[in-house]
Amino acid sequence: MDRYNVRESEARWQGVWEEAQSFQAEEDPAREKYYVLEMFPYPSGRIHMGHVRNYTIGDVIARYKRARGFNVLHPMGWDAFGLPAENAAIERKVHPRDWTLANIDTMRSQLKSMGLSLDWSREIATCLPDYYKEQQKLFLAFLAQGLAYRRRSWVNWDPVDQTVLANEQVIDGCGWRSGAPVERRQLRQWFFRITRYADELLSAIDGLERWPDKVRTMQRNWIGRSEGAEIRFRFDGSEEWVEVFSTRPDTLFGASFVALSPQHALTAALAENDPDLAKFVEDCAHLGTSEAAIEQAPKLGYDTGLKVLHPFLPEKRLPVYVANFVLVDYGSGAIFGCPAHDQRDMEFARKYDLPVLPVVAPDGQEAEERAAWLQNLAEAAPHAYDGPGRIVNSHFLDGLPIAEAKRQAVERLEQLGEAKARTQFRLRDWGISRQRYWGCPIPVVHCDTCGVVPVPEAELPVLLPDDIDLSAGGNALEHHPTWKHVTCPECGGAAIRDCDTMDTFVDSSWYFARFCSPRASDPVEPHAADYWLAVDQYIGGIEHAVLHLLYSRFFMRAMQDCGLIDLKEPFASLFTQGMVVHETYKDETGAWLSPDQVERKGETVTTLEGQPVTVGRIEKMSKSKRNVVDTDHIIQVYGADTARWFMLSDSPPERDLVWTEAGIEGAWRFLNRVWRLTLHPDAPLAEAGAPMPAGAEEGAAGTLLRQIHRTIDAITHDLERFHFNRSVARVHELVNAITALKEDTPAAAWVRRSGVETLVRLIAPMMPHLGEELWQALGGKGLLCDQPWPEAEASYLQDESITLAVQMNGKLRATIQVPSDADKSRTEELALADETVQRHLEGKAPRRVIVVPGRVVNIVI
RNA sequence: GCCCGUGUGGCGGAACUGGUAGACGCGCGCGACUCAAAAUCGCGUUCCUCCGGGAGUGGGGGUUCGAUUCCCUCCACGGGCACCA
């Protein structure tokens, strides 16, 4: 018997789709649109299994929605700027652009071999001037709106690589590439004013109903809104003061010190005349910023000798420290310390022997008990109390619950002119300057006379120079002999280009909008954006839960305020898929082995030479653990449809998927089974288009006919909810049922044909090549990818009789057949008539009978 | 420490708003076909059982006629955040 020739068939249908331009999207206001997008890849070199999973999921949705009649936009592009290209350039002595474009070529052909229903005519790459030119326009628009600005700020500085690092690039306090301890430095940097939208970005999360709760929670935490007050502490004998932010103004009477950040402006001023303080600040700058470093770092302080007045207690003086645990860029960079009710302040106070003054006590204590509790907290307890309770030792606040005390304390301070209520966010403005070559140039020049001058739009794009020496380290654009020297667009004098490039997260913050009009001579064309946006379904990894997804939400708002787009939320629905993971293997020496170096026979795993192998944990596929399965190899051997089918089977898409050889083999066997069932069935199929013969609705044929329609109904339901693994199970069931009907009657042949035709249409989004192959063989008209989704006929969705469970005291005792339209009393009658039920009743009457029609009967005895 | 998930056979997982737990697949076992193997097909496969049944969805408790599903509590694993005042 001949077999399905996967490679020949898949290549052929990919050619047919391309020839017919089947997936090119056209704006058509008469049709309802559907924009499906998977997070575009970084062109690292080759497609990996994570991509295969991501794009398979997206393609199922795209093809399904197409069949449902939507005008689908499903584009693809490349997130093509970034550090790896520079690293590769240094290691291999190639140009970052050449390396990147070669990778794109490789990966494009890999994606094409997957048979994805992509509109390749809209392909974009962020590293090409026609993309970054538009991004430079966006930057200038933001600049004009005050959404981009430059300021000195504290940054993570890698002293070896001589560049700023993003927080994500700092691992355990060290640069991720150089391994050198990161320093805190002040640099002049470009920022995007994301904090302008902090409140709006936070409150709009409530409206993102089709986003995973997890992502919504993470964004809420990241934005981190807290309400409190900015309070003035005046210096003793001076007109000066220091501003302090607190969310606990109710504990003001428990204050025993004020602490400034080592990077606070006042600290710097004091340090000028105090070498010891300067030394202390210097030491703090070298402390790690990693999680571990922070956890272990002791609280350190430096007593400035200065005193401030307590805002409520004129006679009280508080010492002013500089403390290493006070962050410069949160609140006002200074705090008041209330050791009794804040753990950090407690540690600090115990160390420097400062008073601990309890001002909150939990409810429900006896007087004596409370006195002892307060004394212990003041004198001995190592832990601060931050639980609920009532205010004590606090004059006019005494006896109030915390929330009320906060309100009254702020109110009183406001009357005194010593504070104002304030909402503080954790979210910071987005620093986008990178001292890197392979990124989008920032289109401004710096002129001694005119200051920062935007490059006129007519002169865009500011192109990256081709001739670049990356080997020197540091900022290559800075070191380029001529590139940065320009004349000022305003005064014509000598000026210097900004030599930083933009964070690559800028590139990915608006690419989905660019896909709507990828060749337009403006960033976006309003009619195209209005029609296609928002993205109806966005699909990608959870790792972008905050950064990329938050930046994109910011970008749409910023672009809207610049009059460039009419949209706030870019992604109406978000799906975050799990990773592809694989077993790990080690040989006797402890060296990692790749999957193709081991052989599995049942439970025993050996090397190909029969040497013992230790099977390790199942982990994310990574080069270092060598547990990577090559996508090209899989597609070569089994075909894209097999890989796609396996990706959709078993694991729900939001969970991790364990790649196994047995799993892909199983998918391969199933693919062939479907092919055989259609082209070489054991029992005959009716002719195409034959009318339904008598008897097709009765007996075994009728049962299959009803199952066919129930399957359509179930799979439709499942695909709408991303339950691909259940769809796969339903397809298996349908195939099993069609195979099982072996009767050689016209009725059976007709229903079998109906079953096979339906099967082919149902698998079309998941195994599109096999689908086309079988559709053609069955004599289907046109291309399967253009066929409408099958409709279940309501009249076939129900059997005449159903199997009902009969419980006695909640335990299953019997199942009975009842007509599907049986009412309660008829059902009860049938249940009580059952033999097993009668035996258990032992002649007695039931105490109660609960009948849930269509579900269950429970007899209580 | 705070927040959020997850926990079901040997394995991946299914079970709609509380209603037959284990669909479907993998693996395994037995059988058919074959000189043989592969491929394919059929049957079986939660555990215990005196074959009547009994137990069972991480542990314990609760609500209910009925709980994988709801509530409380504990345990384990995973993820996010974390000197954010």
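Source: prediction; values computed, not measured.

J.: Can you walk me through the overall build of chain A in this structure?
T.: Of the regular secondary structure elements, chain A holds 27 helices and 37 strands. When the 861 residues of chain A are sorted by exposure, 53% land in the buried category. For chain A, the share of sequence-separated contacts (at least 6 apart) that also reach a separation of at least 24 residues comes to 71%. Distance between charge centroids for chain A: 2 Å, based on 94 positive and 124 negative side chains.

J.: How should I be thinking about the sheet that holds strand β11 (residues 241–246) in this particular structure?
T.: Strand pairing in a sheet relies on backbone hydrogen bonds. The paired strands run either parallel or antiparallel. A sheet is described by the order of its strands in space; here three strands give the open sequence β11-β10-β18, paired in antiparallel fashion. Edge positions in the open sheet fall to β11 and β18 (419–425), since each of these has one partner strand only. Mean inter-strand twist for the sheet, computed between neighbouring axes without regard to direction, equals 30°. Relative to β18, strand β10 (residues 225–234) runs antiparallel, the two sharing seven bridges.

J.: Please explain helix α22 (residues 699–720) as it appears in this structure.
T.: Think of an α-helix as 3.6 residues a turn; residues three or four steps apart then line up on the same face. With 22 residues, α22 extends 32 Å between its outermost C-alpha atoms, agreeing within 8% with the 32 Å of an ideal straight helix rising 1.5 Å per residue. Backbone geometry just downstream of α22 places Phe 722 in the positive-phi region, at approximately 65°.

J.: Help me understand the pairing of strand β26 (residues 537–541) in this model?
T.: Two faces, one strand: in a regular strand the side chains alternate between the faces of the sheet. Counting buried residues along β26, five of its five residues qualify, which places the element largely inside the surrounding structure. Bridging between strand β1 (residues 33–38) and β26 involves three bridges; their strand directions are parallel. Among the inter-strand pairings, Val 36 is bridged to a residue of β26, identified as Gln 537. Pairing between β26 and strand β27 (residues 574–577): four bridges, direction parallel. Within β27, the residue paired with Gly 540 across the bridge is Thr 576.

J.: Where do I start with the packing of α22 against helix α24 (residues 746–763) in this structure?
T.: Two packed helices can be described by the angle between their axes and the distance between those axes. The N-to-C vectors of α22 and α24 enclose an angle of 15°; their axes lie 9 Å apart at closest approach. What the angle tells us is that α22 and α24 run roughly parallel. Every pair of crossing elements has a handedness; the one defined by α22 and α24 is left-handed. Taking contact as the criterion, the partners of Ala 701, Leu 704, Leu 705, Ile 708, Thr 711, Ile 712 and Ile 715 in α22 are, on α24, Ala 747, Ala 748, Trp 750, Val 751, Ser 754, Gly 755, Thr 758 and Leu 762. Among the residues making up the contact of α22 with α24, the classes are represented as eleven nonpolar, four polar and no charged.

J.: Looking at this model, I keep getting lost on the protein's contact with RNA strand B. Mind explaining?
T.: Among the 52 residues in the neighbourhood of RNA strand B, the closest are listed as Thr 247, Tyr 330, Arg 344, Arg 726 and Arg 855. Atoms of RNA strand B within 4 Å of the protein belong to the sugar or the phosphate in 62% of instances, the rest to bases. Taking Glu 733, its side chain carries an N or O atom lying 2.5 Å from a sugar or linking oxygen of RNA strand B. The greatest single-element share of the surface near RNA strand B, amounting to six residues, is contributed by helix α23 (residues 724–740). A class-by-class count of the residues in the surface near RNA strand B yields 18 nonpolar, 14 polar and 20 charged.

J.: Just to check I follow, could you spell out the confidence of the model for chain A for this structure?
T.: Reading predicted coordinates in detail is not appropriate for stretches of low pLDDT. Confidence along chain A averages 90 in pLDDT terms, with 96% of residues attaining 70 or more. Here the complex is predicted with pTM 0.91, and the ipTM for its interfaces comes to 0.94.

J.: How should the packing of aromatic side chains be read in this particular structure?
T.: Two numbers describe a pair of aromatic rings. These are the distance of the centres and the angle of the planes. Across all of its chains, the model carries 47 aromatic pairs by this definition. Measuring from centroid to centroid gives 5.2 Å for Phe 139 and Trp 190, while their planes differ by 80°, and the two rings are edge-to-face. Residue Phe 139 is located in helix α5 (residues 129–144), and its partner Trp 190 is located in strand β9 (residues 183–192); the two are separated by 51 residues in the primary sequence. Judged by its relative accessible area of 1%, Phe 139 falls in the buried class. Three or more aromatic residues link up through ring pairs in this structure, and these residues are Phe 139, Phe 142, Trp 190, Phe 192, Tyr 197, Trp 430, Phe 505, Tyr 551, Phe 554 and Phe 555. Cation over ring: Lys 299 sits above Phe 325, and NZ or CZ is 5.8 Å from the ring centre.

J.: Could you clarify how one ought to interpret the sheet that holds β1 in this entry?
T.: Strand order in the open sheet formed by four strands is β2-β1-β26-β27, with parallel pairing between adjacent strands. With one partner strand each, in any of the chains shown, β2 (71–73) and β27 form the two edges of the open sheet. Ignoring which end each strand starts from, the neighbouring axes of this sheet average 20° apart. Where helix α2 (residues 49–67) meets the sheet, its contacts fall on β1, β2, β26 and β27, and the angle it forms with β1 comes to roughly 175°.

Each value, and the rule that gives it
Residues numbered from 1 in each chain as written. Chains lettered and ligands numbered in written order. Predicted model: local features only at pLDDT ≥ 70, side-chain atom pairs only at ≥ 80, totals over all residues. Heavy atoms only, no water. Helix = DSSP H or I, 4+ residues; strand = E, 2+ residues; numbered from the N terminus. Buried < 20%, exposed > 50% of the residue type's maximum accessible area, 1.4 Å probe, protein only. Contact = heavy atoms within 4.5 Å. Lys, Arg positive; Asp, Glu negative; His and termini not counted. Charge placed at Lys NZ, Arg CZ, Asp CG, Glu CD. Pairing = 2+ DSSP bridges. Axes fitted to C-alpha atoms, helices over the stretch in contact; angles between N-to-C directions. Expected span 1.5 Å × (residues − 1). Parallel < 35°, antiparallel > 145°, perpendicular 65-115°, else oblique. Left-handed = near helix turned anticlockwise from the far one by under 90°. Nonpolar A, V, L, I, M, F, W, Y, C, P; charged D, E, K, R; others polar. Near = heavy atom within 4 Å. Polar contact = N/O pair within 3.5 Å; in protein donor to acceptor, adjacent residues only side chain to side chain. pLDDT = per-residue confidence, 0-100. Phe/Tyr/Trp six-rings, centres within 6.5 Å; stacked < 30°, edge-to-face > 60°. Lys NZ or Arg CZ within 6 Å of the ring centre and 35° of its normal.

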